[in-house]
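# Secondary and tertiary structure notes
Residues per chain are reported as follows:
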Amino acid sequence: MRAQSADGRPATDGLSPVQRFERMALIRSFELKVSELYRDGDIPGFVHTSLGQEAVAVGVCGRLARDDYVATTHRGHGHCLAKGADPGAMMAELFAKGTGLCHGKGGSMHVADPGHGILGANAIVGASIPIAVGAGLSSRLLGQDRVSVAFFGEGSVNQGAFHEAANLAAIWDLPVLFVCENNLYAEFTDSSRMSRVPSVTARCAAYGIEAHEVDGNDVAAVSEAVDDALGRCRSGSGPILLEAHTYRWQGHYEGDAQPYKPEAEVTNWKARDPLVLERGRLVVAGEATAEDLDAAVRGAEDIVERAVSDARQADDPDPMEAYADVLINA
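Residues numbered from 1 in each chain as written. Predicted model: local features only at pLDDT ≥ 70, side-chain atom pairs only at ≥ 80, totals over all residues. Heavy atoms only, no water.

With that settled, the discussion passes to helix α10 (residues 274-284). It helps to recall that an α-helix has 3.6 residues per turn; residues three or four apart then point in one direction. Every buried residue of α10 is accounted for by P274, L275, E278 and L282. Projected onto a plane normal to the axis of α10, the buried residues spread over an arc of 90° and lie on a single side. For α10, the side-chain oxygen to backbone nitrogen distance between the N-cap and L275 is 2.9 Å, and the N-cap itself is D273. Downstream of α10 by a residue or two, G286 has a phi angle that is positive, lying close to 75°. (Buried < 20%, exposed > 50% of the residue type's maximum accessible area, 1.4 Å probe, protein only. Helix = DSSP H or I, 4+ residues; strand = E, 2+ residues; numbered from the N terminus. Arc of directions from axis to C-beta. Polar contact = N/O pair within 3.5 Å; in protein donor to acceptor, adjacent residues only side chain to side chain.)

Across the seven residues that make up strand β4 (residues 176-182), a large majority, seven, are buried. Along β4, one buried face is formed by V176, F178, C180 and N182 and the opposite face, lined by L177, V179 and E181, is buried too. Of the pairings in the sheet, the one linking strand β3 (residues 148-153) to β4 comprises six bridges and is parallel in character. The residue of β4 that forms the bridge with V149 is L177. In this fold, the crossover linking β3 to β4 by way of helix α6 (residues 160-171) has right-handed handedness. As defined by bridge partners, β4 adjoins strand β8 (residues 240-245) across six bridges and the pair is classed as parallel. The residue bridging E181 from the neighbouring strand is A244, located in β8. (Pairing = 2+ DSSP bridges. Right-handed = clockwise from strand over helix to strand, strands pointing away.)

This part is about the sheet that holds β4. If you trace the six strands from one edge of the open sheet to the other, you get β2-β1-β3-β4-β8-β7, paired in parallel fashion. Pairing within the sheet leaves two strands with one partner each, and these edge strands are β2 (118-120) and β7 (210-215). Adjacent strand axes in the sheet meet at a mean angle of 20°, parallel and antiparallel pairs treated alike. Pairing geometry for strand β1 (residues 69-71) and β3, over three bridges, is parallel. Along β3, the bridge assignment pairs Y69 with S148. (Axes fitted to C-alpha atoms, helices over the stretch in contact; angles between N-to-C directions.)

What follows is about the confidence of the model for the chain. In the predicted model, the chain carries a mean pLDDT of 91, and 95% of its residues have values of at least 70. By mean pLDDT, strand β6 (residues 189-190) is the weakest element of the chain at 78, and helix α2 (residues 54-61) is the strongest at 98. In the model, residues 1-12 has pLDDT below 50 throughout and makes 28 contacts with residues more than four positions away in sequence or in other chains. (pLDDT = per-residue confidence, 0-100. Contact = heavy atoms within 4.5 Å.)

Let us look at the side chain of S50. Mapping S50 onto the fold places it in the loop between α1 (17-39) and α2. With residues up to four places along the chain from it excluded, the contact list for S50 reads E31, R75 and G78.

Let us look at the pattern of salt bridges. In this structure the tally under the stated criterion is 16 salt bridges. For K33, the salt bridge is made with E36, and the minimal N-O distance between the two is 3.3 Å. Here E36 and K33 lie together in helix α1, a separation of three residues that amounts to about one turn. Judged by its relative accessible area of 33%, E36 is partly exposed. As a salt-bridge pair, E210 and R232 come within 3.0 Å of each other at their nearest N and O atoms. Separated by 22 residues along the polypeptide, E210 in strand β7 and R232 in helix α8 (residues 219-234) bring together distant segments of the chain. Note on E210: relative accessible area 32%, which makes it partly exposed. It is possible to trace a salt-bridge network through shared partners that takes in R20, E278, R281 and E287. (Salt bridge = Lys/Arg side-chain N within 4 Å of Asp/Glu carboxyl O.)

Before going further, it helps to examine the nonpolar core. F30, V60, M91, V149, F151 and L177 are the most contacted members of the largest nonpolar core, which has 57 residues in total. No other element matches the eight residues that α1 contributes to this core. Contacts of L177, omitting those with residues within four sequence positions, involve V60, V147, S148, V149, A150, V226, A229, L230, C233, I240 and L242. Listed in part, the 20 residues of the second largest apolar core include A132, F152, A165 and A169. (Core = buried A, V, L, I, M, F, W, Y, C linked by side-chain atoms within 4.5 Å.)

What follows is about the environment of L241. You can see L241 is positioned in strand β8. Separated by 49 residues in the primary sequence, L241 and S192 have C-alpha atoms spaced 19 Å apart. Setting aside residues no more than four positions away along its own chain, L241 makes contact with F152, F162, F178, V200, T201, C204, I209, E210, A211 and H212.

Okay, the packing of helix α5 (residues 128-142) against α6 next. One way to put it is that α5 packs onto α6 with a least axis distance of 8 Å and a crossing angle of 20°. The orientation of α5 relative to α6 falls into the category roughly parallel. Along this stretch, α5 crosses α6, giving a crossing that reads as left-handed. Two secondary-structure elements touch here, α5 through I129, P130 and V133 and α6 through A161, F162, A165 and A169. When grouped by side-chain class, the residues that make up the contact of α5 with α6 number seven nonpolar, no polar and no charged. (Parallel < 35°, antiparallel > 145°, perpendicular 65-115°, else oblique. Left-handed = near helix turned anticlockwise from the far one by under 90°. Nonpolar A, V, L, I, M, F, W, Y, C, P; charged D, E, K, R; others polar.)

Now for the environment of A161. In this fold, A161 is placed in helix α6. When the C-alpha atoms of A161 and L101 are compared, they prove to be 27 Å apart, with 60 residues separating the residues in sequence. Apart from residues lying up to four places away in sequence, A161 is in contact with G126, I129 and P130.

Right under this line is the structure:
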């Protein structure tokens, strides 16, 4: 069983408010640089950024224990960094280098870090959901007290995988936290046009799953909602879903011109930048000065620049690496 904190709840690697800002700044800096590198042809494959959604990743992962599970999506850089993945190894993975988290074989859409409970990003829409439910089942059967988190977009709720996995999690009371990042668009389509019941929380009623909405651009609000949800999951009360309302600044993929987005909509959401909102809250509350937070941003940028420099100099994977982790002889 997991170690207990003074109040009897499972001990976590919870981030302080200032640490949350630092982690969001790291994700922002990392993805801005990745976007630039991809445009310049330095990073192979496809890249999907979560710029503007940092508060969801940090608000959720900042309350998890190191060994809690996370299953994410093709837009998973932020989730992995928020859960504690090493930025240098992350960047090397995107460069397809041997020093990457997956030795260069995963890349942006398949990066994983089991040592931090990160079960992997996944290019299949909705695939994170049954994976997280399976991990929750293993936690229950092995008596591990680990919560399993599934990150997914609202478009995934129209996939059969969501409905089958949600139903299983509900009837077995599994310790699964479903986190729907509702960023208004499923690839290139306005999500409100895809269902007669656009509210994800409302659709959970069919499976008897408790569900709540939260401001996905307010990291403090997300953290508070997650604390309540984790208490329910760890108590054996079954799964819970959080629908975090947020917005991705970039297109579905890097290079997407986003003709489907109204200009005023983009402007209004950018005015609610999660980092700007949290910066203001921290300064007003006296938890940090503007100078402290400026230094945090510069520190994040330095970390990312070092990660890029190291990745450029790293060796390519040994060709025999292609055969590693593929087959186990019983």
